[in-house]
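Observations on the model geometry
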Amino acid sequence: MLYDVQGPRARRRTLVGSIVGSVLLALLALVVAKRLADQGQFDGDLYRAFVEEPQLWTRLGEGLRNTLTAAAYGLVLATVTGIVLAFGRLSTVGVVRIPAVAVIEFFRATPLLLLIFAFFLATPIVLGIRIQPLWALVLGLTLYNGAVIAEIIRAGILSLPRGQTEAALAVGLTRGQTLGSVLLPQAVRVMLPSLISQLVVLLKDTSLGFIIGFEELLRVGGQLRQFLNNPIQMYVVIALIYIAINLLLGRLATYVEGRQRARLGQAVTVQPQPADLG
Amino acid sequence: MEAVVDNLDLLLEGFLRTLTLTALAATGALCLGTLVAAMRVSPLLPLRWAGTCYVESVRNTPLTVVFALAVFGLPKAGLGLTFFQFALLALTLYTGTFVAEAVRSGVNSVAPGQSEAARTLGMSFPQTLGLVILPQAFRNVIPPLASVFIALLKNSSIASAFGVAEATSRMGSLIEDNPSAVLWLLAAVALGYVVLALAASLLFSRLERSLAVAR
């Protein structure tokens with residue numbers, strides 16, 4: 001806490017400050033509102049379609065479905081890739097570990113858009129096959145998030161007590177078995193909140209699909225606003241849809257974290273290497 | 001290979017644009033984020049509330065949607081800017097939320113004795129925050145801030161879809177002109193980003209070391 005329980009004078013000062021702050025914020029809101037009103041952005045026509053056209057919501061629903069499909073494929077494939085890369089990086093064999101480190105670091109440092117372009121632009125020219133925008137997006141998401149998830153899982157495995165590994169090796173499990181059936185299940189449980197937070201990043205990143213023509217929520221919104229000529233209203237609605245989903249996921253992460261803390265009686269969640277914020 | 005060498009000046013120009021965009025947005029986001037973090041830890045309820053609203057809404061919106069709102073929405077509100085300025089605005093607003101969260105966690109990580117001591121000396125809240133807490137908080141959050149700014153560098157590639165001729169956009173048009181060199185161009189630009197990201201993380205870890213305090 002940066003301030004004490006307040007006495008009468010401090011309370012009065014806080015009240016005055018709060019009122020001044022509120023007035024300033026209200027003025028700011030007023031300036032924005034006036035500007036929008038002057039430009040006719042509160043005209044009913046710009047909003048009517050949201051109420052009167054059920055088709056608009058059908059279209060947005062289709063877009064949202066595609067967004068969620070890409071996120072789901074991306075999540076599954078990225079988790080598998082992440083586990084493989086994490087095991088590779090934890091391997092004691094140099095020829096496995098060094099490439100795994102290189103792959104993880106390279107894909108974490110490359111813009112996701114570039115990876116998506118790589119699949120979308122390079123496959124027709126190099127391999128002669130034209131892949132669907134959905135798959136270019138999913139493969140890009142897989143590589144980038146796989147690298148991030150690998151680091152999350154590795155941090156989780158390294159946070160486990162050494163006794164787990166020692167006991168597993170002592171009962172005669174191989175290193176692979178130790179990783180797969182003893183360490184991984186515990187690491188995933190510990191890192192579940194971080195993994196859910198990464199899902200928020202993944203879901204937001206599916207909107208990059210609109211650049212390569214994948215009909216996800218943002219692209220559908222773009223088509224609709226060209227027709228309705230209401231970009232502000234349309235994009236605010238789309239932003240609200242994303243915010244609602246992501247706030248729910250954020251809540252879920254906090255809930256899982258709290259439950260773990262309650263069960264194990266301490267803060268067990270470990271922060272991975274500061275992950276990137278797509 | 002030739003396509004990369006022949007067009008090296010174009011690519012470098014693109015990366016210069018990327019760097020300018022990133023540096024300006026980072027400066028803006030640092031100021032905005034620090035201000036919002038200060039609002040969120042202040043005793044003034046309306047400011048705390050406004051800060052939380054901004055962070056929670058913008059952070060959960062995809063950057064592409066922020067871009068779309070700026071580029072297509074603002075002209076409708078009578079605000080005509082260049083594509084570069086729109087991109088700068090979108091990146092600053094988006095990155096500001098992550099800076100705010102990082103700085104806020106830094107403020108919370110400063111030992112409570114510090115603010116207690118400052119209050120005992122009779123410092124007001126702005127003095128406590130500005131002179132005692134924030135200087136220590138920044139020191140603690142250099143690693144997370146570094147990853148925020150590296151993410152910003154990578155995110156600036158989205159500006160290519162909104163009319164800014166930065167590195168990724170230059171790459172796109174070069175691929176159109178030289179389809180056979182697609183792999184070389186992709187590799188060269190990816191390498192450019194990796195080098196910039198590495199340079200940034202080296203810079204920040206040096207900064208961290210030079211600001212470190214033995215406790």
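The structure under discussion appears in the preceding block.
In short, a report on the structure.

Definitions and cut-offs
Residues numbered from 1 in each chain as written. Chains lettered and ligands numbered in written order. Predicted model: local features only at pLDDT ≥ 70, side-chain atom pairs only at ≥ 80, totals over all residues. Heavy atoms only, no water. Helix = DSSP H or I, 4+ residues; strand = E, 2+ residues; numbered from the N terminus. Buried < 20%, exposed > 50% of the residue type's maximum accessible area, 1.4 Å probe, protein only. Contact = heavy atoms within 4.5 Å. Areas by Shrake-Rupley, 256 points an atom, 1.4 Å probe, with all protein chains shown as cover. Lys, Arg positive; Asp, Glu negative; His and termini not counted. Charge placed at Lys NZ, Arg CZ, Asp CG, Glu CD. Axes fitted to C-alpha atoms, helices over the stretch in contact; angles between N-to-C directions. Parallel < 35°, antiparallel > 145°, perpendicular 65-115°, else oblique. Left-handed = near helix turned anticlockwise from the far one by under 90°. Buried area = accessible area lost by both parts, 1.4 Å probe. Nonpolar A, V, L, I, M, F, W, Y, C, P; charged D, E, K, R; others polar. Phe/Tyr/Trp six-rings, centres within 6.5 Å; stacked < 30°, edge-to-face > 60°. Lys NZ or Arg CZ within 6 Å of the ring centre and 35° of its normal. Expected span 1.5 Å × (residues − 1). Bend = angle between axes of the 7 residues up to and from the residue.

On to the overall build of chain B, then. Helix and strand counts for chain B stand at ten helices and zero strands. Projected onto the principal axes, the alpha-carbon positions of chain B cover approximately 70 × 45 × 20 Å. Counting only residues that meet the buried cut, chain B has 51% of its 215 residues in that class. For chain B, the proportion of contacts with a sequence separation of at least 24, taken over those separated by at least 6, is 77%. Approximately 9500 Å² of chain B is accessible, and the part contributed by carbon and sulfur atoms is 68%. Of the side chains in chain B, 13 bear a positive and 11 a negative charge, and the two mean positions are spaced by 18 Å.

Turning to the side chain of Thr18(B), a few remarks are in order. Along the chain, Thr18(B) turns up in helix α2 (residues 8-41). Not counting residues within four places of it along the chain, the set of residues in contact with Thr18(B) comprises Leu153(B), Ser156(B), Glu166(B), Ala167(B) and Tyr193(B).

For the rest of this paragraph, the subject is the packing of helix α5 (residues 83-109) of chain B against helix α7 (residues 125-140) of chain B. All names here are of chain B. As a packed pair, α5 and α7 sit with axes 8 Å apart at the nearest point and diverge in direction by 115°. On the basis of their axis angle, the class for α5 and α7 is roughly perpendicular. As α5 packs across α7, the resulting crossing turns out to be right-handed. Note on element contacts: α7 touches α5 through Ile133, Leu134, Ala137, Phe138 and Asn140, opposite Val103, Gly106, Val107 and Ser109.

Here we take up the interface of chain A and chain B. Counting from both sides, the interface comprises 53 residues of chain A and, opposite them, 57 residues of chain B. When chain A packs against chain B, the two sides together hide about 4500 Å² of surface, and 73% of this comes from carbon and sulfur. Elements that contribute at least two residues to the side of chain A that touches chain B include exactly α1 (8-38), α4 (94-109), α5 (112-126), α8 (175-205), α9 (217-228) and α10 (231-264) of chain A. Residue contributions to the side of chain A that touches chain B peak at ten residues, all from α10(A). Taken together, the residues that form the side of chain A that touches chain B break down as 34 nonpolar, 13 polar and six charged.

The final tally for this structure, using the stated rule, is ten aromatic pairs over all chains. Among the aromatic side chains, those forming a connected cluster through ring pairs are Phe210(A), Tyr235(A), Phe67(B), Phe72(B) and Phe162(B). Positioned above the aromatic ring of Phe120(A) is the side chain of Arg130(A), whose terminal nitrogen or guanidinium carbon lies 5.8 Å from the ring centre. The ring centre of Phe72(B) lies 3.9 Å from the NZ or CZ of Arg225(A), which sits over that ring.

In this model, α8(A) (31 residues) spans only 35 Å end to end at C-alpha, well below the 45 Å of a helix rising 1.5 Å per residue. At Leu192(A), α8(A) is deflected by roughly 60°, the largest bend along its length, and proline Pro193(A) occurs up to four residues later in sequence.

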